[in-house]
Amino acid sequence: MATPAALSSGEPNDAAGRTRPHVMFVPSAGMGHLLPFFRFIGALSSHDVDISIVTVLPTVSAAEAEHFDGLFKDFPTIRRIDFHLLPLDASAFPGADPFVLRWEALRRSVHLLGPLIAGIIPRVTAIVTDVTMVSHVNPIAKEIDIQCHVLFISCATMMSLLTYFPIYLDKKEAQADIGDVDIPGVRRIARTSLPQPLLDLNKLFTKQFIENGREIAKTDGILINTFDALEPVALAALRDGTVVPGLPPVFAVGHLSSLAGEMKAEAEDTALAWLRQQPAHSVVYVAFGNRSAVSHEQIREIAKGLEASGCRFLWVLKTTVVDRDDVAGVRDVLGDGFLERVHGRGMVTKAWVNQEEVLKHPAVGLFLSHSGWNSVTEAAAAGLPLLAWPRGGDHRVAATVVVSSGLGVWMEHWSWDGEDWLVSGEEIGEIVKEMMADAAVRERAAKVGDEATKAVAVGGTSHKSMLDFVAKLNTI
Ligand SMILES: O=c1ccn([C@@H]2O[C@H](COP(=O)(O)OP(=O)(O)O[C@H]3O[C@H](CO)[C@@H](O)[C@H](O)[C@H]3O)[C@@H](O)[C@H]2O)c(=O)[nH]1
């Protein structure tokens, strides 16, 4: 645990003798969680605040932590501090998966976070934590009497589920199974659209989800990577107490744009150079995020569908060539001759591409996506139609937003049940072709794009939310 002396002074930190807010960020692991933190920290750094980032190692891997260092090295007011988890005797938890072990290690180590914060107080005036750690971090913040906010990396609709779920459980008969969840003022989330672990109340994930859901009400603010025009209903219901009475202020600050050099885009040049040669609105972009599993069989059906659609395509296959231990190359998975047959009109890559740039490129006409929330907000910002194919987690909840906002289409019967579900290439090809030719779909998505641009512009809803958040930070 490192506590830079420069942060321990407690002296007023501007010439007028006023104490500027000093925000400590506690992000969680995985690029899906880290990217919105990078982006929010980048956006906040243009305001008059000091920033520290506590990376909880090894919850955040050393490689991921290095990204923070690289990204923010030129920002004098941003520092990163490592917080190491206490070692855990894994043999005491036979059969526990890495998630359970990490969670247990965090639970046991979190009391060390107190002295770490105490070491840099009174400079730290607020904490912004990932939602997965809020039940640990908020009580510490309350103990030492500083603000604690949650930066939520999924959608407002998911936040309404998270905060309402404990109430849903209190209301339902003890023995009854988890059913559809009717979130007051927002929408009914079908049982099949809930994050699957929630169906088992004995799962650690579920216990944690409930604990965090309850704790959020006790925090000082909820920051969400969304904007008012994308989720007007959920945001209004969260704010006016319809979902859960007495929630703290909700700041919709999205969409959060990426920072320069955020990730090394290995295929950027090739992918963007290839896109530049394609006609406007002719390319389907296919990507399922960082870690969504798609079987080899399904990958071959997607290939058939793309081929049958007759459309051009850019397919990021890197992270979807799972089974984790399978080292088969793209060519082996796709089957003989596919790459040759689509040569010139299709590009398949395993490398990291700059997705935000790809989505904004005029050659791209459709995004076939697992509807991870970052992908949805990036498509919204680009005004690009999205064909949602949820794989798990919060994806189906995000898909409801894709539909309600007009951003795109969700083929609900393609739902993933974690087993041998297979959507035929024929069906994929048909819907892709249909959406690519549909001017109304394109127009609706473009409208969402216009709203996204307005939201973050000076005077827009997200811009105002950011200013409100900074004002809240100043109420020290
Ligand atoms: O080659 C690549 C691959 C990914 N990305 C970026 O990586 C992010 C991927 O995020 P997302 O679309 O949200 O997918 P996941 O990585 O699956 O995200 C996790 O985090 C999301 C936000 O909470 C959740 O919605 C998902 O369920 C969860 O799996 C996006 O910003 C992409 O632009 C790239 O830029 N290039």
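Residues numbered from 1 in each chain as written. Predicted model: local features only at pLDDT ≥ 70, side-chain atom pairs only at ≥ 80, totals over all residues. Heavy atoms only, no water.

Participant: Provide a residue-level description of the overall build of the chain, including the pertinent values.
Facilitator: For the chain, the count of helices and strands is 18 helices and 15 strands. By the compact-globule yardstick of 23 Å for 476 residues, the chain fits well, its C-alpha radius of gyration being 23 Å. Seen through its C-alpha atoms, the chain measures out along the principal axes to roughly 65 × 55 × 45 Å. Across the 476 residues in the chain, those meeting the buried criterion constitute 55%. The contacts of the chain with a sequence gap of at least 6 include a subset with a gap of at least 24, amounting to 72%. Just so you have it, the chain exposes about 19,800 Å², and 52% of that area is on carbon and sulfur atoms. (Helix = DSSP H or I, 4+ residues; strand = E, 2+ residues; numbered from the N terminus. Rg over C-alpha atoms; globule rule 2.2 N^0.38 Å. Buried < 20%, exposed > 50% of the residue type's maximum accessible area, 1.4 Å probe, protein only. Contact = heavy atoms within 4.5 Å. Areas by Shrake-Rupley, 256 points an atom, 1.4 Å probe, with all protein chains shown as cover.)

Participant: Residue-level account of the side chain of Ser-109, with values.
Facilitator: If you trace the backbone, Ser-109 turns up in helix α3 (residues 98-109). Taking the relative accessible area as the measure of exposure, Ser-109 reaches 0% and is therefore buried. Of the polar contacts made by the side chain of Ser-109, one reaches the backbone oxygen of Ala-105; its length is 2.6 Å. Discounting chain neighbours no more than four positions away, the residues touching Ser-109 are Phe-83, Leu-85 and Leu-86. (Polar contact = N/O pair within 3.5 Å; in protein donor to acceptor, adjacent residues only side chain to side chain.)

Participant: Run through the site of the ligand, naming residues and quoting values.
Facilitator: Taken together, 20 residues sit near the ligand, with Ile-153, Val-353, Ser-375, Glu-378 and Asp-394 positioned nearest. Here a nitrogen atom of the ligand and a backbone polar atom of Val-353 are 2.6 Å apart. Between an oxygen atom of the ligand and a side-chain N or O atom of His-370, the distance comes to 2.9 Å. Bound to the protein, the ligand loses 94% of the 680 Å² it would expose on its own. Elements represented by at least two residues in the shell around the ligand include exactly α1 (31-44) and α14 (373-382). Among the elements that line the shell around the ligand, the one with the most residues is α14, at four residues. Here the residues of the shell around the ligand are counted per class, giving seven nonpolar, nine polar and four charged. (Near = heavy atom within 4 Å. Nonpolar A, V, L, I, M, F, W, Y, C, P; charged D, E, K, R; others polar.)

Participant: Which residues make up the sheet that holds strand β13 (residues 364-369), and what values do they have?
Facilitator: In spatial order, the strands read β12-β11-β10-β13-β14-β15; together these six strands make up an open sheet with parallel pairing. Both outer strands of the open sheet, β12 (346-349) and β15 (408-410), are each paired with one neighbouring strand and no more. Put simply, the sheet's adjacent strands are angled 15° from each other on average, direction ignored. The pairing of strand β11 (residues 312-316) with β12 spans four bridges and is parallel. Following the sheet pairing, Trp-315 is matched in β12 by Val-348. (Pairing = 2+ DSSP bridges. Axes fitted to C-alpha atoms, helices over the stretch in contact; angles between N-to-C directions.)

Participant: Residue-level account of the packing of aromatic side chains, with values.
Facilitator: Throughout the structure, instances matching the rule amount to 14 aromatic pairs. Between Phe-68 and Phe-72 the ring centres are 6.3 Å apart and the planes differ by 25°, which places this aromatic pair in the stacked class. In this pair, Phe-68 and Phe-72 both sit in helix α2 (residues 62-72), four residues apart, roughly one turn of the helix. For Phe-68, a relative accessible area of 1% gives the class buried. On the accessibility criterion, Phe-72 (4% relative accessible area) is buried. Look at Phe-251 and Phe-469: their rings are 5.5 Å apart centre to centre, the planes differ by 70°, and that puts the pair in the edge-to-face class. Taken together, the residues span a long stretch of sequence, with Phe-251 in strand β9 (residues 250-252) and Phe-469 in helix α18 (residues 461-473) at a distance of 218 residues. Each member of the pair, Phe-251 as well as Phe-469, is classed as buried. Three or more aromatic residues joined by ring pairs form one cluster here, namely Phe-25, Phe-37, Phe-40, Phe-251 and Phe-469. Positioned over the ring face of Phe-288 is Arg-391, at 5.7 Å from the centre of the ring. Sitting above the plane of the Trp-389 ring, Arg-391 keeps its charged end 5.0 Å from the centroid. (Phe/Tyr/Trp six-rings, centres within 6.5 Å; stacked < 30°, edge-to-face > 60°. Lys NZ or Arg CZ within 6 Å of the ring centre and 35° of its normal.)

Participant: An account of the environment of Phe-338 is needed here, citing residue identities and associated values.
Facilitator: Looking at the element boundaries, Phe-338 is found in helix α12 (residues 338-341). Taking the C-alpha atoms as reference points, Phe-338 and Ala-303, separated by 35 residues in sequence, lie 7.8 Å from one another. With near-sequence residues (within four places) excluded, Phe-338 lies in contact with Ala-303, Glu-307, Phe-313, Trp-315 and Val-348.

Everything listed here is a matter of geometry and, on its own, says nothing about what the molecule does.
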